[in-house]
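A look at the structure
Spelled out, the chains give:
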Amino acid sequence: MKALLLAALFVVCAHFNKSAASEHPVESLVNWEDFLSRHDPLWEQLPRQWNEGAFVGNGQLGMMVYATLKDNRIDFHLGRQDVTDHRKAPDRKTSMGVPGASVLWDHPRLDIGRMALRPAGRIQDGTMRMHLWNAEITGSVVTDLGELKIRAYTPRDRMVQIIEVVSSEKTPDGKPALWKWDFLPGNPMSPRAQVFPDQAKKSNYVTNPNPVAGETAGVKTCVQPLLAGGDYATAWQEKKRADAHASTLFIATANEIPAAGASAAAAVKEVKEAAELPAVDVLTAHRGWWHAFYPESFLTIPDARLEAFYWIQIYKFASASREGGPAVDLFGPWFRVSQWPGIWWNLNIQLTYWPAYAGNRLALGTNYLDVVDRHFDDLLKGFIQAPTLGDFAWAMHNYWWQLRFAGDWKGVNDRWLPKAKAVLAGYLPRLRKNPEGRLELTEMGSPEYNGFKTYPNTNYNLHLLRWLLNALLEADARSGKPADPAAAEWKRILGELIPCPADENGLRIASNQPIDMSHRHFSHLLGLYPLYQLDPDSAADRELVVKSVLHWHRIGGGKALAGYSYTGGASLYASLGMGNEAHGMLRDFLTGNIGISELLPNTMYVESGGRNPVIETPLSGASATMDLLLQSWGGKIRIFPAMPAAWKDAAFDKLRAMDGFVVSAIRKNGNTQWVAITSEAGEPCRIHVPDWRMAPRAEGTRKHQLRPGKRPGEFEIDLRKGESVLLFPGRATGGASVQALPIAPGDRNLYGVKKGRHLKKTQAWPEVPLPD
């Protein structure tokens, strides 16, 4: 009887058998240019510092654009993610004990420099717009002699950056007044040496030599030699137009390490090739990539500020990451002096890549797997005996998600499984049996609690160890091979591990350490999100996690919380189905109520009094936004699992669920109107739609396609690889389409600097000038 009732619940309106990419049964009515333009950051006044700047990037190169009024110039601050120093610490450790992170001498990012646009007249003010759809910046710079119009972009398919200038500046007697370009090279000193000069002196740090200016075939160059060997170089050429009132500047930065003396030639080649092409061809190819990128997935929600923030993060993520490029560090392809000039493994790189998974942007996550593959042995060597082993175990969870969201079990077994076993080998010697016969962990770290002190039985490591063992067992079961000889031992360890240390306030840091002070990191809560070793469907686990999150955010008045405490809190609450609380966390994050950190007008994010930019937190905010709309844990695809009560309408198209499912859905007036699913891998398809109940009729369902789940709104669909299905509740039938929700005129272009809203002071570490 239950199966008959369930069959009456859904009308299966379409079933397809062609390729997944061509047959997802949803029509997009989104006018992408119009939709994204309503969220373009808009500067009603010129940005006056990095923290206010407009930015472009192609996943390797980038520019941050802002005015430096005291020197009457517009700065185009250049960055390239793989421009780093190459000196290593003798013991390969850092001040945080995190192998692979950057310190004074261990692969820190270096400052390439700025292209400075100097108008003929004195800058009065101006405007800028960051066009998301076209991935370019346009602006107007008003001087006492006229106006300069600019356009800047970083072509996706070329290692070059382009700035166009058109000027109406005139001298008092009516003659054209010409602007000029200067290249201001950056200081090749480690940023940490600039931030911590006493530490630099103590460690006998030696700065790289000064850069060397030159010219090759009419292209100007600046070569930066490195003490570790090799160099990097920037080349530029201005191409004047016939009327002399306009020009295009082409800039390339090349890094040919380990080769010495090759970077200048490579940069010159990039500049000349781009300059010789018709400008429209370069621009068209660039825009074409972005215009194909955005529609890979879509969401629209009835919160204009959060919707705008989400789409700016998708733009930012694509500007910072590319297939075949370097892994995204804390800066992305931009640069500013900071005490954290590289990759950090205890939260930062993990959160950075979260938008790739549910966001259906897996191509942008492949470089993460590349860096782990390429450097696995070195990383493992550094982590395996360190108290920070959990950081690398967490890094392997991102690796797992990348492959699981793709439905790629072959990749899991060929690539992830051997690495996971190697990480597990680091945990096994740390296990000890207590008098009750349960397994405990020796002292290890719980990121950043009490100055990186170590504790026995940290929840951070217990959760990660449980996930690692369960994932190994799942991968082994899906390998198509006889059971791994170690599988029985994995099961034994799982069965004998002690429970998570907890008290009246919820999860503790460790057996001997409660949460007794304000603390920004949610390391002790990873067992719920993102690891799901605690079950949100379990009443006991729910109660434990809810009081844990409340205590974590309330203790000490939350004075030590950071932005990611709020984005992480949002994902934790969303996992529990607590949409109001999750949305409240995100609203607090967007409106600046975020403790020791700051979300900037351009959606960049800084800590330590505005001095240290870190990219991961805003990107994790985008991921948390998706958690309200779609989740896929516990073997189920969960549709609108954490909707705030005020959100009666919402839609998403082609978001991604684990096991290779592409999913779309619409909610109107508080009810889910339809759900579309495409299976790219043929994995079991189980779905939960909380507001769907029994309905009288079903049509178009092939035999045995639907089976009941344990709860109302849960069911299993027999969906084969390459097939798609469109589901409606009740008697509803018809097609499925998505379009943007309307927004009020006052909710357009909320980001950027508005009139009278400049940041009060320049928030940055003082930059050490180049020595004479």
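Residues numbered from 1 in each chain as written. Predicted model: local features only at pLDDT ≥ 70, side-chain atom pairs only at ≥ 80, totals over all residues. Heavy atoms only, no water.

When you go through the protein chain residue by residue, the secondary structure sums to 19 helices and 36 strands. For a compact globule of 772 residues, the expected C-alpha radius of gyration is about 28 Å, and the protein chain comes in at 27 Å, within 12% of that figure. Taking the principal axes of the C-alpha coordinates as reference, the protein chain spans close to 90 × 65 × 50 Å. By residue count, 62% of the 772 residues in the protein chain fall in the buried class. The long-range fraction of contacts in the protein chain, counting pairs at least 24 apart against all pairs at least 6 apart in sequence, stands at 69%. (Helix = DSSP H or I, 4+ residues; strand = E, 2+ residues; numbered from the N terminus. Rg over C-alpha atoms; globule rule 2.2 N^0.38 Å. Buried < 20%, exposed > 50% of the residue type's maximum accessible area, 1.4 Å probe, protein only. Contact = heavy atoms within 4.5 Å.)

Turning next to the nonpolar core. Of all hydrophobic cores here, the largest spans 218 residues; its most connected members are Phe76, Trp416 and Ile639. Per-element tally for this core: the top contributor is helix α8 (residues 304-320), with twelve residues. Among residues more than four places away in sequence, those in contact with Trp416 are Met396, Tyr399, Trp400, Leu403, Gly411, Trp467, Leu468, Ala471, Leu472 and Ala475. (Core = buried A, V, L, I, M, F, W, Y, C linked by side-chain atoms within 4.5 Å.)

Moving on, we get to the confidence of the model for the protein chain. When pLDDT is averaged along the protein chain, the result is 91, and 92% of the positions lie at 70 or above. Scored below 50 in pLDDT, residues 1-22 makes 73 contacts in the model with residues more than four places away or belonging to other chains. Low confidence marks residues 90-105, where pLDDT is under 50. Its contacts with residues over four positions away, or in another chain, come to 46 contacts. (pLDDT = per-residue confidence, 0-100.)

Counting through the fold element by element, Thr68 comes out in strand β5 (residues 61-68). On the accessibility criterion, Thr68 (13% relative accessible area) is buried. Leave out the neighbours within four places in its chain, and Thr68 touches Arg73 and Asp75.

With that settled, the discussion passes to the packing of helix α13 (residues 409-427) against helix α14 (residues 459-477). Interaxial distance between α13 and α14 falls to 10 Å at its minimum, and their mutual angle equals 140°. In terms of orientation, α13 and α14 fall into the oblique class. Of the two elements, α13 crosses α14, and the hand of that crossing is left-handed. Judged by residue contacts, Trp409, Val412, Asn413, Trp416, Leu417, Ala420, Lys421, Val423, Leu424 and Tyr427 of α13 engage Asn461, Leu464, Leu465, Trp467, Leu468, Leu469, Ala471, Leu472, Glu474, Ala475 and Asp476 from α14. (Axes fitted to C-alpha atoms, helices over the stretch in contact; angles between N-to-C directions. Parallel < 35°, antiparallel > 145°, perpendicular 65-115°, else oblique. Left-handed = near helix turned anticlockwise from the far one by under 90°.)

Next up on the list: the environment of Cys500. Along the polypeptide, Cys500 turns up in the loop between α15 (487-496) and β22 (502-503). For the pair formed by Cys500 and Gly527, sequence separation is 27 residues and the distance between their alpha carbons is 9.1 Å. Each residue touching Cys500, except ones within four places of it in the same chain, is listed here: Asn459, His463, Arg466, Leu507 and Leu534.

The nine strands are arranged β3-β8-β9-β10-β11-β16-β15-β14-β13 in an open sheet whose pairing can be described as antiparallel. With partners counted over all chains shown, the strands left at the sheet margins are β3 (42-43) and β13 (212-216), one partner each. Across two bridges, the pairing between β3 and strand β8 (residues 123-131) is antiparallel. Bridging across to β8, Trp43 finds its partner in Met128. (Pairing = 2+ DSSP bridges.)

For α8, spanning 17 residues, the distance from its first C-alpha to its last is 24 Å, which sits close to the expected 24 Å at 1.5 Å a residue. Judged by how many residues are buried, α8 sits mostly within the fold: 16 of 17 residues are covered. Regarding α8, its N-cap is Asp303, as a side-chain oxygen of that residue lies 3.3 Å from the backbone nitrogen of Arg305 further along. (Expected span 1.5 Å × (residues − 1). Polar contact = N/O pair within 3.5 Å; in protein donor to acceptor, adjacent residues only side chain to side chain.)

What follows deals with the pattern of salt bridges. Under the criterion given, the structure shown has 38 salt bridges. The shortest N-O distance in the salt bridge between Asp182 and Arg118 comes to 2.6 Å. Separated by 64 residues along the polypeptide, Asp182 in strand β12 (residues 180-185) and Arg118 in strand β7 (residues 113-118) bring together distant segments of the chain. Looking at Arg118, the relative accessible area reads 17%, which means it is buried. Arg711 is paired through a salt bridge with Asp537; the nearest N and O atoms lie 3.7 Å apart. Here Arg711, found in the loop between β33 (706-708) and β34 (714-717), pairs with Asp537, found in the loop between β23 (506-507) and α16 (539-554); they are 174 residues apart in sequence, far enough to count as distant. It is possible to trace a salt-bridge network through shared partners that takes in Asp71, Arg73, Asp75, Arg114, Arg118, Asp182 and Glu767. (Salt bridge = Lys/Arg side-chain N within 4 Å of Asp/Glu carboxyl O.)

A separate point is the pairing of strand β35 (residues 724-729). With six of six residues buried, β35 is to be regarded as a mostly interior element. A two-sided burial pattern is seen for β35, the buried positions comprising Ser724, Leu726 and Phe728 on one face and Val725, Leu727 and Pro729 on the other. Across four bridges, strand β31 (residues 671-679) lies against β35 in antiparallel orientation. When the sheet's bridge partners are listed, Ala676 is paired in β35 with Leu726.

Another aspect to go through is the pairing of β7. Counted residue by residue, β7 has six buried out of six residues, so it is predominantly covered. Because side chains alternate across β7, one face comprises the buried residues Gly113, Met115 and Leu117, and the other comprises Arg114, Ala116 and Arg118, equally buried. Alignment of strand β6 (residues 73-80) against β7, held across five bridges, turns out to be antiparallel. Counted as the bridge partner of His77 is Arg114 from β7. Sheet topology note: the β7/β12 ladder contains six bridges and is antiparallel. Paired with Arg118 across the bridge in β12 is Lys180.

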